[in-house]
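# Summary of the model geometry
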Amino acid sequence: MRDEFDFGHIQSVEFCVSVATSGDANINYLVPIDQSVQVALKQVLSTTLAAIKPDQDDWALYELSEKYASKESLRADVTAAEMAAVRALHEEEGWEINARILNDPKKITYYFGVFRDSQGRKLLGVRQATQFKGAFRGHFLSVIDDTLKMVQDHVFKLDNEFDFLITAQHVYILHPAGFERVAQIEEYASARAQEMTLELAEEVKFLDFGGLADYVGKHKRAARLAATLHARDDMATIKRAMFL
């Protein structure tokens, strides 16, 4: 991870929030922040790094078909088909500035810090927004004079860790549940489930995938398994003789 971003030389920090609009669409806004919030976001990033780093950098690959614990140390290729949503998030620039968007924090689905190092490389730390009114500890953010600042109030709680990090090469996942919601993993699997299952029939010709295609189109876990199988490059090596 450290060869993809220089965590010791962060040159700028920005703060964005994603707000649900009509249907399933989201729109992202840039919220102006002062120095105290920049420092807090760097601390969240540091805490996330300490929690996510596996022993001896032995990263486990994220698999669509797996059911994960609340905390993991997972890595995924950002160019993978199922990473389309997070890849688009990392590539996005030019957010509209909205200093008042946190006035109604219930509308926010997730937020993210945008970090840039001395080489101009960008890293995003993303967190599903779950901490709102009623929180009594942690970092709180409020809009004062159109600038987001740290205050002690019941407004918007900045969590201690990001759910996942995005670089130009990989997605590093600490909280799989939060990641999968933001990354729209189940939506991706369900949308292409039947198509991918029928495409498997072209690789494994002795099996009838027709009935299975209907099944995976209605069951989320089966759809994710079909997506995992579809991503494999060795399916054509499966022969009928292996089952006799």
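Every value quoted in this text rests on a predicted model; they were computed, and no experiment measured them.

## Overview of the packing of aromatic side chains
Inspection of every chain in the model, using the stated rule, returns 9 aromatic pairs. Three or more aromatic residues joined by ring pairs make a cluster, and in this case those are Y62, Y68, F164 and F179.

## Comments concerning the side chain of T48
For T48, the position within the fold is in helix α1 (residues 35-52). Once you skip the residues sitting within four places of it in the chain, T48 turns out to touch E161, F162, L165 and L174.

## What to know about the side chain of E4
Assignment of secondary structure puts E4 in the segment before β1 (10-20). Among buried Asp, Glu, Lys and Arg side chains, E4 stands out as unpaired, with R75 the closest opposite charge at 5.2 Å. Separated by 2.7 Å, the side chains of E4 and H170 make a polar contact. Only 2.9 Å separates the side chain of E4 from the side chain of Y172, close enough to count as a polar contact. Beyond its immediate stretch of four places on either side in the chain, E4 contacts R121, T167, Q169, H170 and Y172.

## Things to note about the pattern of salt bridges
Going through the model one piece at a time under the given rule, you end up with 7 salt bridges. A salt bridge links E93 to K122, with the nearest nitrogen and oxygen atoms 2.9 Å apart. Placement of the pair is E93 in the loop between α2 (84-91) and β5 (96-97) and K122 in strand β7 (residues 122-128), with a sequence separation of 29 residues. Put simply, E14, E93, R116 and K122 are held in one network by salt bridges that share partners.

## Some remarks on the environment of E14
Within the secondary structure layout, E14 lies in strand β1. With 102 residues separating them along the chain, E14 and R116 place their C-alpha atoms 8.9 Å apart. Here the side chain of E14 touches R116 through a polar contact of 3.2 Å, side chain to side chain.

## Some remarks on the nonpolar core
Formed by 31 residues in total, the largest nonpolar core has its most connected members in F15, V17, L41 and F115. When residues of this core are traced back to their parent elements, those giving at least two are β1, β2 (26-31), α1 and β6 (108-117). Top element by residues in this core is α1. It accounts for 7 residues. If near-sequence neighbours (up to four positions away) are discounted, V17 is found in contact with I27, N28, Y29, V31, I101, L102, I108, Y110 and Y111. Counting 25 residues, the second-largest nonpolar core is a separate cluster that includes Y62, M83, F112 and I185.

## Focus: the confidence of the model for the chain
For the chain, the average pLDDT comes to 82, and 75% of its residues sit at 70 or higher. Every residue in residues 132-138 scores below 50 in pLDDT, and together they form 14 contacts with partners more than four places removed in sequence or on other chains.

## Remarks on the pairing of β7
Judged by how many residues are buried, β7 sits mostly within the fold: 7 of 7 residues are covered. In this structure, β6 lies alongside β7, joined through 7 bridges in antiparallel fashion. Residue R116 lies in a different strand from β7, and its bridge partner there is K122. Bridging between β7 and strand β11 (residues 164-166) involves 3 bridges; their strand directions are antiparallel. Looking across to β11, one finds that G125 is bridged to L165.

## Digging into the pairing of strand β4 (residues 74-77)
On a regular strand, each side chain points to the face opposite its neighbour's, so the side chains alternate between the two faces of the sheet. Only one face of β4 is covered, namely the one carrying L74 and A76; the face carrying R75 and D77 has none of its residues buried. For strand β3 (residues 60-61) and β4, the ladder comprises 2 bridges, and the chain directions are parallel. Paired with L61 across the strands is R75, a residue of β4. By the bridge criterion, 4 bridges tie β4 to strand β12 (residues 170-173) in an arrangement that is antiparallel. Opposite L74, over in β12, you have I173 as the bridge partner.

Analysis parameters
Residues numbered from 1 in each chain as written. Predicted model: local features only at pLDDT ≥ 70, side-chain atom pairs only at ≥ 80, totals over all residues. Heavy atoms only, no water. Phe/Tyr/Trp six-rings, centres within 6.5 Å; stacked < 30°, edge-to-face > 60°. Helix = DSSP H or I, 4+ residues; strand = E, 2+ residues; numbered from the N terminus. Contact = heavy atoms within 4.5 Å. Buried < 20%, exposed > 50% of the residue type's maximum accessible area, 1.4 Å probe, protein only. Lys, Arg positive; Asp, Glu negative; His and termini not counted. Salt bridge = Lys/Arg side-chain N within 4 Å of Asp/Glu carboxyl O. Polar contact = N/O pair within 3.5 Å; in protein donor to acceptor, adjacent residues only side chain to side chain. Core = buried A, V, L, I, M, F, W, Y, C linked by side-chain atoms within 4.5 Å. pLDDT = per-residue confidence, 0-100. Pairing = 2+ DSSP bridges.

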